[in-house]
Amino acid sequence: MTARGKYTFRLSTELAARLADYSARARVPQAQVVEAAIASHLSPDAADQLEAALARRLDRMSRAIERMERHTVISNEAMALFVRFWLTSTPPLPDAAQPAAQAKGRERYEGFVEALGRRLAKGQSLADEVSRDIGPESSAQGG
């Protein structure tokens, strides 16, 4: 049997309640929980474990940021391509046709917004579509 020392220390009310709650749920004595926590805190590899956990989290965050950046690039390029196509293929209208064209434009815009809302509600994205259309073979070729 290992010799044990007796220590007295104070915990905040909140921490004491959390310790009691955890101890009851885990069905282990509070002293055992405190001993394990202190051992873990004083362990020479505790810093390494914390660093590894932080590194994993940073890696996940980096991948998420890279995906967001890729999606932003795709969106910007799609918008630029559309605007270039629209500007080069749409002739100017005579003044008499402007009111009818504006009314039709508002109607089309409302349809666009509704379609966009349905697409977003389904969770579809242009980036996912582009990834599926291109496929892994294009990525492997550097395209």
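Look above for the structure.
Residues numbered from 1 in each chain as written. Predicted model: local features only at pLDDT ≥ 70, side-chain atom pairs only at ≥ 80, totals over all residues. Heavy atoms only, no water.

### Looking at the overall build of the chain
Part 1: Looking only at helices and strands, the chain features 5 helices and 0 strands.
Part 2: For the chain, the α and β elements follow one another from N to C terminus as α-α-α-α-α.
Part 3: Whereas a compact globule of 143 residues would reach a radius of gyration of roughly 15 Å, the chain reaches 31 Å, over 25% beyond that.
Part 4: In terms of overall dimensions, the chain has a C-alpha envelope of 95 × 40 × 20 Å along the principal axes.
Part 5: Approximately 12900 Å² of the chain is accessible, and the part contributed by carbon and sulfur atoms is 59%.
Part 6: Positive and negative side-chain charges in the chain, numbering 20 and 18 respectively, have mean positions lying 7 Å apart. (Helix = DSSP H or I, 4+ residues; strand = E, 2+ residues; numbered from the N terminus. Rg over C-alpha atoms; globule rule 2.2 N^0.38 Å. Areas by Shrake-Rupley, 256 points an atom, 1.4 Å probe, with all protein chains shown as cover. Lys, Arg positive; Asp, Glu negative; His and termini not counted. Charge placed at Lys NZ, Arg CZ, Asp CG, Glu CD.)

### Here's the deal with helix H4 (residues 98–122)
Part 1: End to end, H4 covers 36 Å across 25 residues, agreeing with the expected 36 Å (1.5 Å per residue, within 8%).
Part 2: Once H4 finishes, Gly123 follows within two positions and takes phi at roughly 85°, a positive value. (Expected span 1.5 Å × (residues − 1).)

### Describing the environment of Arg118
Part 1: Inspection of the secondary structure puts Arg118 in helix H4.
Part 2: Spatially, the C-alpha atom of Arg118 lies 15 Å from that of Arg108, the residues being 10 residues apart in sequence.

### Looking at the side chain of Ser23
Part 1: With respect to the helices and strands, Ser23 occurs in helix H1 (residues 13–26).
Part 2: On the basis of relative accessible area, Ser23 is assigned to the buried category, the value being 7%.
Part 3: Polar contacts involving the side chain of Ser23 include one to the main-chain amide nitrogen of Gln30, which spans 3.3 Å.
Part 4: In contact with Ser23, not counting residues within four places along its chain, are Val28, Pro29, Gln30 and Val33. (Buried < 20%, exposed > 50% of the residue type's maximum accessible area, 1.4 Å probe, protein only. Polar contact = N/O pair within 3.5 Å; in protein donor to acceptor, adjacent residues only side chain to side chain. Contact = heavy atoms within 4.5 Å.)

### Side note on the pattern of salt bridges
Working definition: two side chains of opposite charge can pair if their charged atoms are close together.
Part 1: Per the stated rule, a full pass over the model turns up 3 salt bridges.
Part 2: Of the charged contacts in the structure, one is a salt bridge between Arg25 and Asp21, with a shortest N-O distance of 3.2 Å. Of this pair, Arg25 and Asp21 both sit in helix H1, 4 residues apart, roughly one helical turn.
Part 3: As a salt-bridge pair, Lys104 and Glu107 come within 3.3 Å of each other at their nearest N and O atoms. Remark: Glu107 and Lys104 occur in helix H4; sequence separation between them is 3 residues, near one turn of the helix. (Salt bridge = Lys/Arg side-chain N within 4 Å of Asp/Glu carboxyl O.)

### Notes on the packing of H1 against helix H2 (residues 30–42)
Part 1: Remark: H1 packs on H2, axes separated minimally by 9 Å, with the N-to-C direction vectors making an angle of 110°. Classified by the angle between their axes, H1 and H2 sit roughly perpendicular to one another. Between H1 and H2, the residues in contact are Leu19, Ala20, Tyr22 and Ser23 and Gln30, Val33 and Val34, respectively. (Axes fitted to C-alpha atoms, helices over the stretch in contact; angles between N-to-C directions. Parallel < 35°, antiparallel > 145°, perpendicular 65-115°, else oblique.)

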